[in-house]
Amino acid sequence: MTKTAFITGASSGIGRATAVALGKTGFQLVLAGRRRERLEELARELSEVPTHLLTFDVRDRAAVETAVQSLPAEFQEVDVLINNAGNAHGLAPIQSGNPADWDDMLDGNVKGLLYVSRAVLPAMTSRNTGHIINIGSIAGYEAYANGNVYCASKAAVASLTKCMRLDLLPHHIRVAEVNPGAVETEFSAVRFKGDTERAAKVYDGFEPLRAEDIADVIQFMVTRPAHVNIAEVLILPAAQGAATTIRRE
Ligand code: NDP
Ligand code: 8X3
């Protein structure tokens, strides 16, 4: 039977690449994001793959619940959930940080992940099967200057992943975390609020990961046999030694 993967943040970057990879692997896809036209374009690109599009903001709990409840019967039995939606907003010391940016990161990266998981989980627990992959970050392992709330949001994802794994153990649901280093996506343009010149500098002088590199790993994880859970992965560009230690040439 065709398996269903539900991917948040499918309109860009890692989520989009993961949708392409899992579509090629034979999954049917629930594609979620706020930018409907991006999701429609992706669905057209994946014309051979059955897709269902959901447009909602992960920070809006009611919208998350309504969207998940609206799934047509053939997409309701979610086998794989990729909790990928998220971003950094700003890069400033704590004493001058923008509290609206803090809200965006904590509400999106942490509470959004919780809301989506809570809404999707009944489809897994009732069947005693499922696989959840949370997208964390090297920022969840390390503290770096001015990273404060973003680092904390990803440390929370790491902790939640471990706790979810324990809670869902009786239901045979695998829970795992993928932690990328620097991946060139729209991430830095969002962090720097559309300043694409500043965003491009983040990837100057070294070869960053591509979204497809992360999608490859996720594709490998979700195609392991049922008794295997690759619980945690850290993926770095070869030129990256730590969050802010990069060999630039
Ligand atoms: P992108 O900016 O390219 O993609 C972010 C995705 O998340 C978009 O599809 C966006 O969709 C979605 N999203 C963001 N906020 C919301 C929201 N409030 N509600 C619904 N969807 C939302 O960045 P990446 O692909 O790089 O980021 C994906 C994940 O990877 C994030 O969790 C990020 O923290 C993590 N990560 C990224 C790294 C990097 O270097 N790029 C490194 C480590 C982790 P839309 O705007 O259409 O809603
Ligand atoms: C994104 C990578 O190092 O900018 O999570 O925090 S970093």
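Residues numbered from 1 in each chain as written. Chains lettered and ligands numbered in written order. Predicted model: local features only at pLDDT ≥ 70, side-chain atom pairs only at ≥ 80, totals over all residues.

As named in an unreviewed UniProt entry, the chain is SDR family NAD(P)-dependent oxidoreductase, taken from Hymenobacter perfusus. On record in UniProt, under Sequence similarities (unreviewed entry), the comment for the chain is "Belongs to the short-chain dehydrogenases/reductases (SDR) family." (UniProt positions renumbered as here; feature names shortened; annotations may be inferred.)

Draft legend 1. How the structure looks around the site of ligand 1. Not every one of the 29 residues close to ligand 1 is listed here, only the nearest: Gly9, Gly13, Arg34, Gly86 and Phe187. Mapped by element, the contributors of at least two residues to the shell around ligand 1 are helix H1 (13-25), helix H5 (99-125) and helix H7 (187-191). Ranked by residue count, the leading element in the shell around ligand 1 is H1, at three residues. Residues belonging to the shell around ligand 1 are distributed by class as follows: 10 nonpolar, 13 polar and six charged. (Near = placed C-beta within 6 Å. Helix = DSSP H or I, 4+ residues; strand = E, 2+ residues; numbered from the N terminus. Nonpolar A, V, L, I, M, F, W, Y, C, P; charged D, E, K, R; others polar.)

Draft legend 2. Spotlight on the sheet that holds strand S7 (residues 232-235). The strand order across the open sheet formed by seven strands is S3-S2-S1-S4-S5-S6-S7, and the pairing between neighbours is parallel. Of all the strands in the sheet, the pair left with one neighbour each is strand S3 (51-55) and S7. Taking each pair of neighbouring strands and ignoring which way they run, the sheet shows an average axis angle of 15°. Inspection of the sheet shows strand S4 (residues 80-83) paired to strand S5 (residues 130-135) by four bridges, in the parallel sense. By the bridge assignment, Ile82 is partnered in S5 with Ile133. Contacting strand S1 (4-8), strand S2 (28-33), S4 and S5, H1 runs over the sheet at an angle of about 170° to S1. Against the sheet, helix H9 (residues 211-222) engages S4, S5, strand S6 (173-180) and S7, with an angle of about 160° to S6. (Pairing = 2+ DSSP bridges. Axes fitted to C-alpha atoms, helices over the stretch in contact; angles between N-to-C directions. Contact = placed C-beta atoms within 7 Å.)

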